[in-house]
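Per-entry structural report
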Amino acid sequence: MEDHFKRLSELLGEIVDLGEAAALLGWDQETYMPPGATQDRSMQLATLNKIVHEKFTSDEIGELIEKLKSEMSSVDPDSDEARLVKNVSREYDKQRKVPSNWVAEFSRVTSLAQEAWKKARQRSEFALFQPDLIKVLELRRQYAHYFAPYDHIYDPLLDDFEPGMKTADVKKVFAELRPKQVELVQAIMDSQYPVDDSVLHQEFDEQKQWDFGLEVIKAFGFNFDRGRQDKSTHPFTTSFGSNDVRITTRLKPDFLSVGLFGTLHEAGHGIYEQGFSSRLSRTPLANGASLAIHESQSRMWENLVGRNRPFWIGFYPRLQEYFPDQLGEVDLETFYRAINKVERSLIRTEADEVTYNLHIMLRFELELALIEQTLDVADLPQVWNTKMEEYLGITPPNDADGVLQDIHWSFGIFGYFSTYCLGNLIAGMLWENILSDIPDLEKQFERGKFDALWNWLNQKILQHGAKFEPAELIKRATGSELSAEPYVQYLNTKYGEIYQF
Ligand code: ZN
């Protein structure tokens, strides 16, 4: 066994190295690469990704997995070794099932679809994207068929982002969540105590915003000896091993929330990546357990910590020192209410904590209907608008601010959106446990101390990387199955107080 495991680790190490080199090129593309290099860079990335795929799906890896699977019966099933073999075996089977001509066709069709989507969005005309979306959906259905039999045709798509999760699980939890969220939004809209957030819409020097953000995320535990922050149009996090984690942010000079909460969000992703145990490095287990688990970390630091009163009791005086002219005369309560303003808005990425999940549930339902072929692509804009009215009480004036707002479908990504909402729900579940395990947590926040929270997260989530599948990780951390209840309770308590109902 020793020899087989050693050989597998060697091969995986090389694959991880190559993947991280590709990630570095990808990071550079979004931050410092001159625009003229686009074509060359895409060739370099394609070559590296092809080598990674070939090496990973090689016969040798397959043979090693087979041998190790039987040899592992004598090893603790919860050991890193047993879990690594399980994880790699699962991913190997998946990748081997997809023929390379499908991969080539998918890459060709989606690169055309991205162009079509850009044009359609510019002109706000869904019909320009429609034929491409039909082709993408056909390919996605074909992809799902490679994994037959399945309970639902959407399961294989979801599984790429949430290992082990089924469409039925998501449907169940969303069905429980949706009416409660719609009701909460309505109660807020009916409130006699509307929130004024004009204090956030002033001129805020970008360098000072940047500096304040760094001060906060250092306190959160983002380690700048093993990471850095840069600027990019769309904020993101990537890493080349947990000793080199890159986050990005973007700043708006006339709106404080964009840069501030964007920075806290990406730092949450970054803290997760920096937390993977060094025992897992150069293996596929040095990864997030899933997108939803990743998002539970970013949303927790952004919202449950960063839009929480105790955190600002500690940090607001500091923010006032950075911006005495803008905030010197603004009291904490006015500021706290402003950063938690709830609005019926059209655009998902700008949505607040309360309405955000509704944007996601709408997309999940439409994706299901498209993949199931119970919804005609031609009817998509109309159905989008009807659902927006039903869930959020607002109808998009055009396709650009409606059905064409997200880039994901043009990339051929289906099964991804629900992870954003699931991340919120998981954050709610973790938070409930954290508050009961650390009774003075909020007192610590008031003093600018976050190490007890970091330690809890590290023990339960961060260090394990992708060792456990998401459902098992959640069960180990909270003792419960996925549930919307803790997050709904958190929202109701917090916003009931802010909007006084
Ligand atoms: Zn995120």
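Residues numbered from 1 in each chain as written. Predicted model: local features only at pLDDT ≥ 70, side-chain atom pairs only at ≥ 80, totals over all residues. Heavy atoms only, no water.

We now examine the nonpolar core. Grouped together as the largest cluster of nonpolar side chains are 132 residues, with contacts concentrated most on Met300, Val305, Trp312, Phe335, Ile434 and Leu453. When residues in this core are grouped by element, the largest group, 11 residues, is from helix 15 (residues 356-372). Shared between two domains, this core takes at least three residues from each, and those domains are domain 1 (2-124) and domain 2 (167-499). Once residues within four sequence positions are removed from consideration, Phe335 is found in contact with Leu200, Leu256, Trp312, Tyr316, Leu319, Leu327 and Val330. Core analysis: the next-biggest nonpolar cluster, separate from the first, contains 21 residues, Leu12, Ile65, Leu68 and Leu285 among them. (Core = buried A, V, L, I, M, F, W, Y, C linked by side-chain atoms within 4.5 Å. Buried < 20%, exposed > 50% of the residue type's maximum accessible area, 1.4 Å probe, protein only. Helix = DSSP H or I, 4+ residues; strand = E, 2+ residues; numbered from the N terminus. Domains from an automatic or database assignment. Contact = heavy atoms within 4.5 Å.)

Okay, helix 5 (residues 100-123) next. Here helix 5 is 24 residues long and its end C-alpha atoms lie 35 Å apart, about the 34 Å a rise of 1.5 Å per residue gives. Of the residues making up helix 5, those classed as buried are Trp102, Phe106, Val109, Thr110, Ala113, Ala116, Trp117 and Ala120. Buried positions along helix 5 lie against helix 6 (130-145). Once helix 5 ends, the next one or two residues include Ser124, with phi positive near 55 degrees. (Expected span 1.5 Å × (residues − 1).)

Turning our eyes to something else, we now look at the coordination of the zinc ion. In the first shell of the zinc ion, the protein supplies His265 (NE2), His269 (NE2) and Glu295 (OE), at 2.1 to 2.4 Å from the metal. Ordering the donors of the zinc ion by residue number gives the pattern H-x3-H-x25-E. Taken as a pair, His265 and His269 lie in helix 10 (residues 256-275) at a separation of 4 residues, close to a single helical turn. Residue His265 is classed as buried on the basis of its relative accessible area, which comes to 11%. On the accessibility criterion, His269 (9% relative accessible area) is buried. (Donors = N, O, S within 2.8 Å, 3.2 Å for Na, K, Ca; no water.)

In terms of domains, the protein is made up of domain 1 (2-124) and domain 2 (167-499). Taken over C-alpha atoms, the centre of domain 1 sits 27 Å from the centre of domain 2. Across the boundary between the two partners, domain 1 contributes 28 residues, which contact 33 residues of domain 2. For the interface between domain 1 and domain 2, the tally reads 6 salt bridges. Asp17 is the salt-bridge partner of Arg282, the closest N and O atoms lying 2.8 Å from each other. The interface formed by domain 1 and domain 2 includes 15 residue pairs in polar contact (both at pLDDT 80 or more). Elements with a contribution of two residues or more to the side of domain 1 that touches domain 2: helix 1 (2-31), helix 4 (80-97) and helix 5. If one sorts the elements of the side of domain 1 that touches domain 2 by residue count, helix 1 sits on top with 11 residues. (Salt bridge = Lys/Arg side-chain N within 4 Å of Asp/Glu carboxyl O. Polar contact = N/O pair within 3.5 Å; in protein donor to acceptor, adjacent residues only side chain to side chain.)

A few words on empty space enclosed by the protein. Under the definition given, this model contains 1 cavity of 30 Å³ or more. When its volume is computed, the largest cavity comes out at roughly 30 Å³. What lines the largest cavity is Lys180, Gln181, Leu184, Val488, Leu491 and Asn492. Secondary structure elements with two or more residues in the lining of the largest cavity: helix 8 (167-189) and helix 21 (485-499). Class assignment for the residues of the lining of the largest cavity results in 3 nonpolar, 2 polar and 1 charged. (1 Å grid on protein atoms, 1.4 Å probe; cavity = no way out; pocket = protein on both sides within 12 Å on 5 of 7 lines; lining within 4 Å. Points joined across faces, edges and corners; volume = space filled by probe spheres on them. Nonpolar A, V, L, I, M, F, W, Y, C, P; charged D, E, K, R; others polar.)

Another aspect to go through is helix 20 (residues 470-478). The α-helix winds at 3.6 residues per turn, so residues separated by three or four positions along the chain end up facing the same way. When we look at burial in helix 20, the residues that qualify are Pro470, Leu473, Ile474, Ala477 and Thr478. On an axial view of helix 20, the arc spanned by its buried residues comes to 105 degrees, and they lie on one face. Gly479 sits one or two residues past helix 20 and shows a positive phi near 80 degrees. (Arc of directions from axis to C-beta.)

Take the pattern of salt bridges next. Here the structure, examined in full by the defined rule, presents 37 salt bridges. Put simply, Glu66 and Lys69 hold a salt bridge, and the shortest N to O gap is 3.6 Å. Residue Glu66 and its partner Lys69 are located together in helix 3 (residues 59-71), separated by 3 residues, close to a single helical turn. Taking the shortest distance from any N to any O, the salt bridge between Lys341 and Asp197 comes out at 3.8 Å. Highlighted residues: Lys341 in the loop between helix 14 (332-338) and helix 15 and Asp197 in the loop between helix 8 and helix 9 (206-220), separated in sequence by 144 residues. Given the relative accessible area of 14%, Asp197 is considered buried.

The buried count for strand 3 (residues 245-249) comes to 5 of 5 residues, which makes it a mostly enclosed element. What you see with strand 3 is no split at all: Val245, Ile247 and Thr249 on one side and Arg246 and Thr248 on the other are buried throughout. Where strand 1 (residues 227-231) lies against strand 3, 5 bridges are found, and the strand directions are parallel. Across the sheet, the residue bridging to Arg228 is Arg246, located in strand 3. Where strand 2 (residues 237-239) and strand 3 come together, 3 bridges link them in antiparallel fashion. (Pairing = 2+ DSSP bridges.)

Now for the side chain of Glu266. Of note, Glu266 is situated in helix 10. Notably, Glu266 is buried but unbridged: the nearest opposite-charge side chain belongs to Arg299, and the N-O separation is 8.6 Å. A polar contact of 2.7 Å, which involves the side chain of Glu266, links it to the side chain of Thr237. Excluding residues that lie within four positions of it along the chain, Glu266 makes contacts with Pro235, Phe236, Thr237, Ile247 and Thr248. (Lys, Arg positive; Asp, Glu negative; His and termini not counted.)

Before going further, it helps to examine the packing of aromatic side chains. Summed over the entire model, instances satisfying the criterion amount to 34 aromatic pairs. Considering the side-chain rings of Phe174 and Phe364, the 5.1 Å spacing of their centres and the 80 degrees angle between planes classify their relative orientation as edge-to-face. Taken together, the positions of Phe174 in helix 8 and Phe364 in helix 15 put the pair 190 residues apart, joining distant regions of the chain. Per residue, the accessibility class of Phe174 equals that of Phe364, and both read buried. The aromatic ring of Tyr143 is capped on one face by Arg140, whose charged end is 4.7 Å from the ring centroid. When the ring centre of Phe417 is taken as origin, the NZ or CZ atom of Arg363, which lies over that ring, is 5.5 Å away. (Phe/Tyr/Trp six-rings, centres within 6.5 Å; stacked < 30°, edge-to-face > 60°. Lys NZ or Arg CZ within 6 Å of the ring centre and 35° of its normal.)

All right, on to the layout of surface pockets then. Quantified by volume, the second largest pocket comes out at close to 380 Å³. Considering the residues around the second largest pocket, the lining is formed by 17 residues, among which Trp431, Glu442, Tyr490, Thr493 and Lys494 are closest to the centre. Counting only elements with at least two residues in the lining of the second largest pocket, the list comes to helix 12 (309-322), helix 17 (418-437) and helix 21. No other element matches helix 21, which puts 6 residues into the lining of the second largest pocket. Of the residues contributing to the lining of the second largest pocket, the split by class is 7 nonpolar, 4 polar and 6 charged.

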